[in-house]
Amino acid sequence: MKKTYLFCLFVTVTVTSSLPLLQTASQGEYMGVVVLGDLDGDKIVSESELADNILLYLTATYLGESNEHLKLDKLREAAHIHRYYPRAIIDSAGRNVTIYKPLKRIVVFNSETVETMRSLNATDKIVGVGEYTIKDKIFFPEFTNYPNVGSVWSPNYEEVLNCNPDAVFLYATCSPSYCEAIQNKLNELDSDIIVVRLDCFKPASYTKEVEDLGYILEKEEEARTLVDFYEGVLNSIKEKVDAIPDEGRPEVYFEAYDRYKTAGRESGWHQKLIAAGANNIFSDLSGGYVYVDAEEVVKRNPEFIVSAPSYYAGGYDTDDITELSNPWKEIVSRPELAKVNAVKNGNVYVLSSDAFGGVRHFVAIAYMAKRFHPRLFEDLDPKAIHQEYLIRFQGLDYDLDKHGVFVYPPFGS
Amino acid sequence: MNKNENNKKISQMLLMLSVAIPVISVLAFAPIVSVKATATGTTVTRIFSTINPDAESTFLVTLNITGLEVGGIVETIPDGFKYVGTDYLSNRTSVSGNKVAFAIVNTTHINYTVKAMYGTGDFSGIWEDYLSENSGEVEGMTHVSVRGEMTQTPSIENVTTPPTLTSIPTPTPKISGFEVIFVSVALFTLYLIFQRRRMRGDKG
């Protein structure tokens, strides 16, 4: 009896003692508004609204008056929102996106954007990721146990909502119909969730996407550092490539993911080939990745064949060169390609799509430029660029001299 | 160790926790206001139109504000002087007793008027920057003497402790009524238990 009595007392006192905690938590929904310090519900903290909040705080804190007011940390946040928000961008899908307050909880479907956020030291804002990020345990070890929101092709809306996100980041031009559907569904489920469409894998849009991400995540300085590095690599290549006359640019057949599936002029790999100083023999094809006839490849007679055989061939999680050498053997042994210059002259290369298919396209460009124009890029060291990126921007303890399979035949062989 | 000793130890532990938790909780969530020294370039400087006003006259106090984009200023007016008004926005100004609070958003100076009544006094003030999260004291002129009133003794009801040169406005603890009630109930319950135990002990 006595023990029960004391236990009840203990529970009562513990619960009452935690009331200050509950009170603090409720400050997040001060006066029931979405944006802290916004008193009229327009999502903007105007000068007069901020002044009102400040005066409430001062009179309660220093003048001894009793009122409902923001605590100091929340007042500082409201001041920050007043000073720095709203922030608007046009995302890579051409949509006007306005952010009214700092993004603190973000679900990111595409791993390229996760990687870019890591370069910006902004992954602390991520609360849920796509399944490909979770599966890539070598490159994204820190996300292994994060909530899995599926993929753009098979989204898990329940998990997205469980993450209680401020924003969801999706591809802009990759599988646009799927991403459009996700965007519409999220808007239907919770119109307060901000959808931002970013690719983070195309050379043509990457710089702007990094700058936009830096802006909406308040990581402008980090974004500038990344852009400086990225453009430093690409501009050093571009300066030389721009001086190459058209006849000096090799004709290249790029095979992506499947036999005779090639890169049309709207694809990321098309842009990479051009940036590396080559001509894409199928640049006349519209769209992304499209199948072509083997006869057409033979007819166009490329000087180089570059292949990214599958997402899982090569990469950081393997040291087995056969993952790239076997696809290489398969290509060079195709009877129909025997008379193609690329095969005859030994200019067939296989790249790891895992390593070079996304953000690290600039590393792929460096590798290909050196292959296409060995004399021109004699001093270019793609591996060193790759290693610097992994350490300096991704914070990965990964030694390219010891691990990974990225190009076959390897350079120098 | 017998069962009674065990029960006694458990009871003692529960009692200690029952007392410790509310005390720690209240202390942890009491507002902590610190006036930090700043090296951010923010300054708020006070200037008087006169440091020797005549009794019953008014004089102007100007606060020049540099580098404080979003913040607050609280001025404490000494005994013998009375706040009269300001040319600053009324909806950004609040007065209570001898303290005046100004909400600052993109403001470079504030004028306010004070009536000199008797004696001498030191004005003090603090500023807080809600963007940089810095804070500091209002600098510049502090001391004012009413002309010809140096020896006048204030009436009994006006006698208060004079402010020190570095006085800082005291924040009002923001502990809600519910918390105080609950903690009080808990402590009172503890008291009852002790009483009951004592009575049982007496009986035993």
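Rules used throughout
- Residues numbered from 1 in each chain as written.
- Chains lettered and ligands numbered in written order.
- Predicted model: local features only at pLDDT ≥ 70, side-chain atom pairs only at ≥ 80, totals over all residues.
- Helix = DSSP H or I, 4+ residues; strand = E, 2+ residues; numbered from the N terminus.
- Buried ≥ 20, exposed ≤ 12 C-beta atoms within 10 Å, placed from the backbone.
- Contact = placed C-beta atoms within 7 Å.
- Pairing = 2+ DSSP bridges.
- Core = buried A, V, L, I, M, F, W, Y, C linked by C-beta atoms within 7 Å.
- pLDDT = per-residue confidence, 0-100.
- Axes fitted to C-alpha atoms, helices over the stretch in contact; angles between N-to-C directions.
- Domains from an automatic or database assignment.
- Nonpolar A, V, L, I, M, F, W, Y, C, P; charged D, E, K, R; others polar.
- Parallel < 35°, antiparallel > 145°, perpendicular 65-115°, else oblique.
- Left-handed = near helix turned anticlockwise from the far one by under 90°.

Before going further, it helps to examine the overall build of chain B. Summing up its helical and strand segments, chain B has two helices and 12 strands in all. Secondary structure elements of chain B, listed N to C terminal, follow the sequence α-β-β-β-β-β-β-β-β-β-β-β-β-α. By residue count, 28% of the 204 residues in chain B fall in the buried class. Pairs at least 24 apart in sequence give 79% of the contacts found in chain B among residues at least 6 apart.

What follows covers the pairing of strand β9 (residues 124-129) of chain B. All names here are of chain B. Most of β9 sits out of view: six of its six residues are buried. Going residue by residue along β9, you find S124, I126 and E128 tucked away on one face and G125, W127 and D129 tucked away on the opposite face as well. Judged from the six bridges that link them, strand β3 (residues 70-76) and β9 form a sheet pairing that is antiparallel. Bridge pairing in β9 links V74 to I126. Two elements, β9 and strand β10 (residues 135-137), share three bridges in a ladder whose sense is antiparallel. Paired with E128 across the strands is S135, a residue of β10. Linking β9 to β10, which pair antiparallel, is a turn of five residues; within it E133 sits at a positive phi near 65 degrees.

Moving on, we get to helix α10 (residues 220-242) of chain A. Of all the residues in α10(A), the buried ones are A223(A), L226(A), Y230(A), L234(A), I237(A) and V241(A). Buried positions along α10(A) lie against α5 (111-119), α9 (203-216), α11 (268-275), α16 (361-372) and α17 (382-393) of chain A.

Residue and element names in this part refer to chain A. One finds V108, F169, L170, L351, I365, M368 and A369 to be the most contacted residues of the largest nonpolar core, which totals 139 residues. By residue number, the principal contributor to this core is α16, which donates nine residues. If sequence neighbours within four positions are ignored, F169 has contacts with I106, V108, F109, N110, T113, V196 and L198.

A separate point is the confidence of the model for chain B. All names here are of chain B. Overall, the prediction assigns chain B a mean pLDDT of 74, with 53% of residues at 70 or greater. Within the model, pLDDT remains below 50 along residues 21-38, and this stretch shows 33 contacts once partners closer than five positions in the same chain are excluded. A low-confidence stretch, residues 150-180 stays under pLDDT 50, and its non-local contacts, those more than four residues away or across chains, total 47 contacts. The complex prediction reports pTM at 0.75, with the ipTM value standing at 0.74.

So, about the sheet that holds strand β5 (residues 93-96) of chain B. Residue and element names in this part refer to chain B. Across the sheet, which stays open at both edges, the five strands sit in the order β5-β6-β3-β9-β10 with antiparallel pairing between neighbours. This sheet does not close on itself; its edge strands, each paired only once, are β5 and β10. Adjacent strand axes in the sheet meet at a mean angle of 15 degrees when their direction is disregarded. Pairing analysis gives seven bridges linking β3 to strand β6 (residues 99-105), with the strands arranged antiparallel. In the sheet register, T76 faces β6, and the bridge partner there is K99.

Right, let's talk about the domain arrangement of chain A for a bit. Interfaces are frequently sized by the accessible area removed from exposure as the parts join. Residue and element names in this part refer to chain A. As far as domains go, chain A holds domain 1 (2-84), domain 2 (87-218) and domain 3 (241-408). Using only C-alpha atoms to locate each centre, domain 2 and domain 3 end up separated by 27 Å. Taken together, the contact pairs 13 residues of domain 2 with 12 residues of domain 3. Mapped by element, the contributors of at least two residues to the side of domain 2 that touches domain 3 are α5 and α9. When residues in the side of domain 2 that touches domain 3 are grouped by element, the largest group, six residues, is from α5. For the side of domain 2 that touches domain 3, the residue count by class is six nonpolar, three polar and four charged.

Further remarks concern the packing of α16(A) against α17(A). Any two packed helices are characterised by the angle at which their axes cross and by the distance between the axes. All names here are of chain A. In contact at an axis separation of 9 Å, α16 and α17 are set at 170 degrees when each is read in the N-to-C sense. Put simply, α16 runs roughly antiparallel to α17. Across from V363, A366, Y367 and K370 in α16, the residues of α17 making contact are P382, I385, H386 and Y389. Of the residues in the contact of α16 with α17, the class split is six nonpolar, one polar and one charged.

It is worth spelling out the pairing of strand β1 (residues 43-48) of chain B at this point. Residues and elements named next belong to chain B. Across six bridges, β1 lies against strand β2 (residues 58-66) in antiparallel orientation. The residue bridging T43 from the neighbouring strand is T66, located in β2. Pairing geometry for β1 and strand β11 (residues 139-140), over two bridges, is parallel. The residue of β11 that forms the bridge with R46 is G140.

Residues and elements named next belong to chain A. Mapped onto the elements, V168 comes out in strand β5 (residues 167-170). Note on V168: 24 C-beta atoms within 10 Å, which makes it buried. Sequence-wise, V168 and V127 are 41 residues apart; in three dimensions their C-alpha atoms are separated by 10.0 Å. Setting aside chain neighbours within four positions, we find V168 in contact with V107, V160, L186, I193 and V195.

Below, the discussion takes up the packing of helix α3 (residues 47-61) of chain A against helix α4 (residues 72-84) of chain A. All names here are of chain A. At their nearest, the axes of α3 and α4 sit 10 Å apart, and the two run at 165 degrees to each other. Comparing the axis directions of α3 and α4 gives the class roughly antiparallel. Helix-helix and strand crossings are classified by hand; for α3 and α4 the assignment is left-handed. Residues L50, N53, I54 and Y57 of α3 form the contact with α4, whose participating residues are L75, A78, A79 and H82.

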